[in-house]
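Given next are the chains, with one letter for each unit.
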Amino acid sequence: MSDEEHHFESKADAGASKTYPQQAGTIRKNGYIVIKNRPCKVVEVSTSKTGKHGHAKCHFVGIDIFNGKKLEDIVPSSHNCDVPHVTRIDYQLIDISEDGFVSLLTDNGSTKDDLRLPTDESLLAQIKDGFAEGKDLVVSVMSSMGEEQICALKDVGPK
């Protein structure tokens, strides 16, 4: 029985959770929350008084951090909400390919080639113009819940 080999198809990354629980009453404006399975930045929080059946409710208005859509949710303040792990990492821009992918230089010297150019028009124009002028550009990549997107640009100066 024990000499058989078992093969497992792993779909998770080392058991690291994409979210962590936090009590709804403690989530504040400019924090993060998961609404309808999307990571959102909280732009408005209002709390109602306790009603006849005892729970105060928190009304959250959040903006999806990747597509900018406005989402709303109402949760009892004593219940737990999912809060996404959001990280921002800066990479140096090396190249932009014709099909809309960017080539980025990581801190350890390897390249990251799996990111698309951002959909935000003004940021897209700034990146393309700066790259065409031969400037050294550093892009900030926000990642959360298995998604990544370029969210900001820093001009380091000419090459």
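The sections below set out a description of the structure shown in this document. What you are looking at is a predicted structure, and each value in this text was computed from that prediction instead of being measured.

## Focus on the environment of Pro76
Along the chain, Pro76 turns up in strand 5 (residues 70-76). Given a relative accessible area of 17%, Pro76 falls into the buried group. Counting along the chain gives 20 residues from Pro76 to Ala56, while the straight-line C-alpha distance between them is 5.7 Å. Excluding residues that lie within four positions of it along the chain, Pro76 makes contacts with Ala24, His55, Ala56 and Lys57.

## Thoughts on the sheet that holds strand 4 (residues 57-64)
If you walk across this open sheet you meet the four strands as 2-3-4-5, and the pairing is antiparallel. Since the sheet does not close on itself, it has two edges, and those belong to strand 2 (32-35) and strand 5, each with one partner. Mean inter-strand twist for the sheet, computed between neighbouring axes without regard to direction, equals 45 degrees.

## Let's talk about helix 1 (residues 121-132)
The first and last C-alpha atoms of helix 1 sit 16 Å apart over twelve residues, in line with the 16 Å expected at 1.5 Å per residue. Residues of helix 1 that are buried: Leu123, Leu124, Ile127 and Gly130. The buried residues of helix 1 all sit within an arc of 140 degrees when viewed along its axis, so they share a single face. Opposite the packed face of helix 1, turned more than 90 degrees from it, sit the exposed residues Glu121 and Ala132. Positioned one or two residues after helix 1, Gly134 has a phi angle of 80 degrees, which is positive.

## Thoughts on the pattern of salt bridges
The final tally for this structure, using the stated rule, is six salt bridges. Taking the shortest distance from any N to any O, the salt bridge between Asp90 and Lys154 comes out at 2.5 Å. Within this pair, whereas Asp90 is found in strand 7 (residues 86-96), its partner Lys154 is found in strand 11 (residues 147-158), the two being separated by 64 residues in sequence. Here Glu133 makes a salt bridge to Lys135, at a shortest N to O gap of 3.3 Å. Overall, the relative accessible area of 55% leaves Glu133 in the exposed class. One connected set of salt bridges, linked through shared partners, spans Arg38, Asp64 and Glu147.

What counts, and at which threshold
The residue numbers shown here count from 1 along each chain, following its written sequence. A pLDDT threshold of at least 70 governs which residues receive local features in this predicted model, and a stricter bar of 80 or more applies before side-chain atom pairs are shown or counted, although totals over entire chains, interfaces and linings include all residues. Only hydrogens and water are set aside when side-chain values are computed; all heavy atoms of the structure are taken into account. Each helix corresponds to a stretch of at least 4 residues labelled H or I by DSSP, and each strand to a stretch of at least 2 residues labelled E; elements are numbered beginning at the N terminus. Exposed residues in this analysis have more than 50% of their type's maximum accessible area, buried residues have under 20%, and partly exposed residues fall in between, with area computed by a 1.4 Å probe over protein chains only. The contact rule is simple, with two residues in contact once any of their heavy atoms fall within 4.5 Å. Paired strands are those between which DSSP finds at least two bridges. Under this scheme, a helix contributes an axis fitted over its contacting stretch, all axes are lines through C-alpha atoms, and angles between N-to-C directions fall in the 0 to 180 degree range. A helix is expected to span 1.5 Å multiplied by its residue count minus one. Our arc is simply the arc of the directions from the helix axis toward the C-beta atoms. One side-chain nitrogen of Lys or Arg within 4 Å of one carboxyl oxygen of Asp or Glu is enough to make a salt bridge.

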